[in-house]
Amino acid sequence: MTKQAVIIHHIAVETLGGNFSRTLHDAGFSLTTIPLCDGAPDFPSFDAPDLSEVDLIVALGGPMSANDNYPALIQEMAYLRSAATGDVGNAPPTPVMGICLGAQLLSRALGGAVAPTGGYQFGLRKIDITADGAADPVFGEIKIPLVPTLHGEQFTVPPGASKLAEATMLRRDGGYVRFPMAFRFGLSYGFQFEPQLTLDELRIWNRELAGDYALMGDRFDPAEEAARNLREFESFAPHHEAQMGKLLTALLSQAGLS
């Protein structure tokens, strides 16, 4: 029987990516896209399949804040909470993979908080994997703790969840901030990085989101950072796709969806 994965798009340029799309298709999933980006700039509504028909949710990143009072984001958080907790009609939880903004929305939905970091990251960054992260049957597939990032806000680990990784950022004022990079709540995961990213997508991001490099602050030259990001990811992309493909496969296995 065909399984259904719901993919929530918050900005047109950030898609599921060929690596994750292939993995889900190979596992027998059909993909249903919710293009929230089509509702910009007001984001008036969130229209998604009933959770009884959904086997997996992937909430992608976007430029808005999880604290923005858009109706669609408020409805999305309620949807993610119901999925992750199974609190509707005593239904079993539906696994959620929250990515960047999606992770921040998932954190808030589960009782966590989201706040500005005081800086901005766009590029490969090392993460520090916790003992829980290393032992986790899904997150433990990350053997090289280097991930592509694109964010200026951070989440807290919500109550009842476990912290899987953390990282440090240079703020625009010259100080440093340390924050969680991943958490697990039941069968659901939040990632403050981009596990789905492929080299083809990064090339698009470098063109369409070039202005984001300036958000890193005066200590960084946007053109140099864009060139460095692309150069480094060209070498790392095969390793990234391999271990993140294993991560997604492990998630499906843990949820009984493989």
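Just above, that's the structure.
This is a predicted model, so every value here is computed, not measured.

On the basis of which strands lie adjacent, the open sheet formed by eight strands has the order E2-E1-E3-E4-E10-E9-E8-E6 and mixed pairing. Only two strands of the sheet have a single partner each, and these edge strands are strand E2 (29-35) and strand E6 (128-129). The sheet contact formed by strand E1 (residues 3-9) and strand E3 (residues 56-59) spans four bridges and is parallel. From the neighbouring strand, Ala5 faces E3, where its bridge partner is Leu56.

Take the side chain of Asp212 next. For Asp212, the location among the structural elements is in the loop between helix H5 (199-208) and helix H6 (222-254). There is no salt bridge for the buried Asp212, and the closest opposite charge comes from Arg172, which lies 10 Å off by N-O distance. Beyond its immediate stretch of four places on either side in the chain, Asp212 contacts Tyr120, Phe122 and Leu150.

Let us look at the nonpolar core. Among the nonpolar cores identified, the biggest contains 36 residues, and Met97, Phe139, Phe191 and Phe193 are the most heavily contacted of them. Secondary-structure elements contributing two or more residues to this core are E1, helix H1 (18-26), E3, strand E4 (96-99), strand E8 (162-170), strand E9 (176-185), strand E10 (188-191) and H6. Top contributing element to this core by residue count: H6, with six residues. When neighbours within four sequence positions are excluded, Phe191 is seen to be in contact with Met97, Gly98, Ile99, Cys100, Ala103, Phe139, Phe155, Met181, Ala182 and Leu247. If you look at the next biggest cluster of nonpolar residues, it comprises 30 residues, including Val6, Val54, Leu106 and Leu110.

Before going further, it helps to spend a moment on the environment of Pro93. For Pro93, the position within the fold is in the loop between helix H2 (71-85) and E4. Filtering out sequence-adjacent residues up to four positions away, Pro93 remains in contact with Ala83, Ala84, Thr85 and Gly86.

Bringing helix H3 (residues 101-109) into the picture now. Of all nine residues in H3, eight are buried, a share of seventy percent or more. Phi turns positive, to about 105°, at Gly111, one or two residues after H3.

Here we take up the pattern of salt bridges. The full count for this structure, using the stated rule, is 12 salt bridges. Between Arg22 and Glu241 there is a salt bridge, with its nearest N and O atoms 3.9 Å apart. Residue Arg22 is found in helix H1, and its partner Glu241 is found in helix H6; the two are separated by 219 residues along the sequence. Given the relative accessible area of 48%, Arg22 is considered partly exposed. One salt-bridge network, in which partners are shared between bridges, spans Lys126, Asp128, Lys163, Glu166 and Arg178.

A few words now on the side chain of Glu153. Tracing the sequence through the fold places Glu153 in strand E7 (residues 146-155). Although Glu153 is buried, it forms no salt bridge, and the closest oppositely charged side chain is Arg108 at an N-O distance of 8.9 Å. Here the side chain of Glu153 touches Ser65 through a polar contact of 2.9 Å, side chain to side chain. Not counting chain neighbours up to four residues away, the residues in contact with Glu153 comprise Ser65, Ala66, Gln104, Val114, Ala115, Pro116, Thr117 and Gln192.

A rise of 1.5 Å per residue sets the reference length of H2, with its 15 residues, at 21 Å; its end C-alpha atoms lie 21 Å apart and thus fit the reference within 8%. Along H2, the residues classified as buried are Ala72, Leu73, Glu76, Met77, Tyr79, Leu80, Ser82, Ala83 and Ala84. Among the structural elements, E1, E3, E4, H3, E9 and E10 are those in contact with the buried residues of H2. Within two residues after H2, Gly86 carries a phi angle of roughly 65°, on the positive side.

At a closest axis distance of 9 Å, the pairing of H5 and H6 adopts a crossing angle of 160°. Classed by the angle they form, the pair H5 and H6 counts as roughly antiparallel. Crossing hand, H5 versus H6: right-handed. Residues Leu199, Leu202, Arg203 and Asn206 of H5 lie in contact with H6, whose contacting residues are Ala226, Asn229, Leu230, Phe233, Glu234, Ala237 and Glu241. Looking at the contact of H5 with H6, its residues break down into six nonpolar, two polar and three charged.

Next up on the list: the environment of Glu166. The residue Glu166 is located in strand E8 in this model. Taking C-alpha positions, Glu166 is 5.5 Å from Phe179, a pair spaced 13 residues apart along the chain. In this structure, Glu166 is in contact with Ile127, Asp128, Arg178, Phe179, Pro180 and Met181, ignoring residues within four places of it in sequence. A distance of 3.3 Å separates polar atoms of two side chains, one belonging to Glu166 and the other to Arg178.

About the criteria used
- Residue indices begin from 1 for each chain and proceed along its sequence in written order.
- In keeping with the model being predicted, local features are shown solely for residues with a pLDDT of at least 70 and side-chain atom pairs are shown and tallied solely at 80 or more, while totals for entire chains, interfaces and linings include all residues.
- Values shown for side chains rest on all heavy atoms present in the structure; no hydrogens or waters enter the calculation.
- Here, strands pair whenever DSSP counts at least two bridges between them.
- In this text, helices come from DSSP runs of H or I with a minimum length of four residues, and strands from runs of E with a minimum of two, each type numbered from the N-terminal end.
- For every residue, the accessible area (1.4 Å probe, protein chains only) is compared with the maximum for its type, and the residue is labelled buried under 20%, exposed over 50%, or partly exposed between those bounds.
- A residue counts as positive if it is Lys or Arg and as negative if it is Asp or Glu; His and the chain ends are not included.
- Whenever Lys or Arg places a side-chain nitrogen within 4 Å of a carboxyl oxygen from Asp or Glu, that contact is recorded as a salt bridge.
- The contact criterion used throughout is that any non-hydrogen atoms of two residues lie within 4.5 Å.
- Residues belong to one nonpolar core when they are buried, are Ala, Val, Leu, Ile, Met, Phe, Trp, Tyr or Cys, and are joined through side-chain atoms within 4.5 Å.
- Two N or O atoms form a polar contact when they lie within 3.5 Å of each other; inside protein one atom must be a possible hydrogen donor and the other a possible acceptor, and for residues adjacent in sequence the pair counts only when both atoms belong to side chains.
- To estimate the expected span of a helix, subtract one from its residue number and multiply by 1.5 Å.
- Axes, fitted as lines to C-alpha atoms, cover a helix only where it is in contact. Angles between the N-to-C directions of the axes lie from 0 to 180 degrees.
- Angles are sorted into four bins: roughly parallel if under 35 degrees, roughly antiparallel if over 145, roughly perpendicular if 65 to 115, and oblique for all others.
- We call a crossing left-handed when the near helix sits turned anticlockwise from the far one by less than a right angle, and right-handed when that turn is clockwise.
- Throughout, the ten residues Ala, Val, Leu, Ile, Met, Phe, Trp, Tyr, Cys and Pro are labelled nonpolar, Asp, Glu, Lys and Arg are labelled charged, and all others, Gly among them, are labelled polar.

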